Amino acid sequence: MAKREMRYEGDEVLSKKSRPVESFDEKLWNLLDDMADTMKMYNGVGLAAVQVGILRRVFIVDVGDGITEFINPEIIETRDSQTGLEGCLSFPDQFGEVTRPNIVKVRAFDRFGKPFEKEVSELYARAVCHENDHLDGYVFKDRADRMLTQEEAENY
């Protein structure tokens, strides 16, 4: 396990669409383990493979109850809405107010290629939508209702 190099604002890879994972093998498992190490090092709640320069449809989320790995995810249902503060490991010290679904149902595969569905809400739903956007070349700034100053973000 190792920390991967984070990609930051201005890196064109962040605006590219990721390709589906086809092989559920050791290479994928190493990527997932490295992503977990990288996310933890930066104190994130989510990380998409594109943020470490890998254009594959993979992201991980940990909102406090352990990491869930999403491979080839597909959001199949959304309900209600929430507006809140959002940031991104690829955009350090930048924050925006973003409206997202409050409840999200997602279908994906685990690291072994086993399909699963998960319904999540609140922060977890926000993180799933945020990371899923990365897979299609969108970043939170593309979705922000408005960007906040550092002071506004600290007092949010």
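See the structure above.
Residues numbered from 1 in each chain as written. Predicted model: local features only at pLDDT ≥ 70, side-chain atom pairs only at ≥ 80, totals over all residues. Heavy atoms only, no water.

Undergrad: Help me get a handle on helix α2 (residues 122-135), residues and values and all.
TA: An ideal rise of 1.5 Å per residue puts 20 Å on 14 residues; α2 measures up with 21 Å between its terminal C-alpha atoms. Counted residue by residue, α2 has twelve buried out of 14 residues, so it is predominantly covered. Listed in full, the buried residues belonging to α2 are Y124, A125, R126, A127, V128, C129, H130, E131, N132, D133, H134 and L135. Count one or two residues on from α2 and you reach G137, which has phi positive near 85°. (Helix = DSSP H or I, 4+ residues; strand = E, 2+ residues; numbered from the N terminus. Expected span 1.5 Å × (residues − 1). Buried < 20%, exposed > 50% of the residue type's maximum accessible area, 1.4 Å probe, protein only.)

Undergrad: Outline the sheet that holds strand β7 (residues 115-121), listing residues and values.
TA: If you trace the five strands from one edge of the open sheet to the other, you get β1-β2-β3-β6-β7, paired in antiparallel fashion. Strand pairing shows two members of the sheet lacking a second neighbour, β1 (46-48) and β7, which therefore form its edges. Shown here is a sheet whose adjacent strand axes are inclined to one another by a mean of 35°, direction ignored. Relative to strand β2 (residues 58-61), β1 runs antiparallel, the two being bridged by three bridges. Bridge pairing links A48 to F59 in β2. Set on the sheet, helix α1 (residues 26-41) makes contact with β1, β2 and β3 (68-79); between it and β2 the angle comes to about 40°. Across the sheet, α2 touches β1, β2, β3, β6 (103-109) and β7, and the angle it forms with β2 is around 160°. (Pairing = 2+ DSSP bridges. Axes fitted to C-alpha atoms, helices over the stretch in contact; angles between N-to-C directions. Contact = heavy atoms within 4.5 Å.)

Undergrad: Tell me about the sheet that holds strand β4 (residues 82-88), residues and numbers included.
TA: The sheet built from three strands is open, its strands ordered β4-β5-β8 with antiparallel pairing. Each of the sheet's edge strands pairs with one partner strand only, and the pair in question is β4 and β8 (144-148). Looking at each pair of strands side by side, their axes are set apart by 25° on average, direction ignored. In terms of strand pairing, strand β5 (residues 91-100) meets β8 through four bridges, oriented antiparallel.

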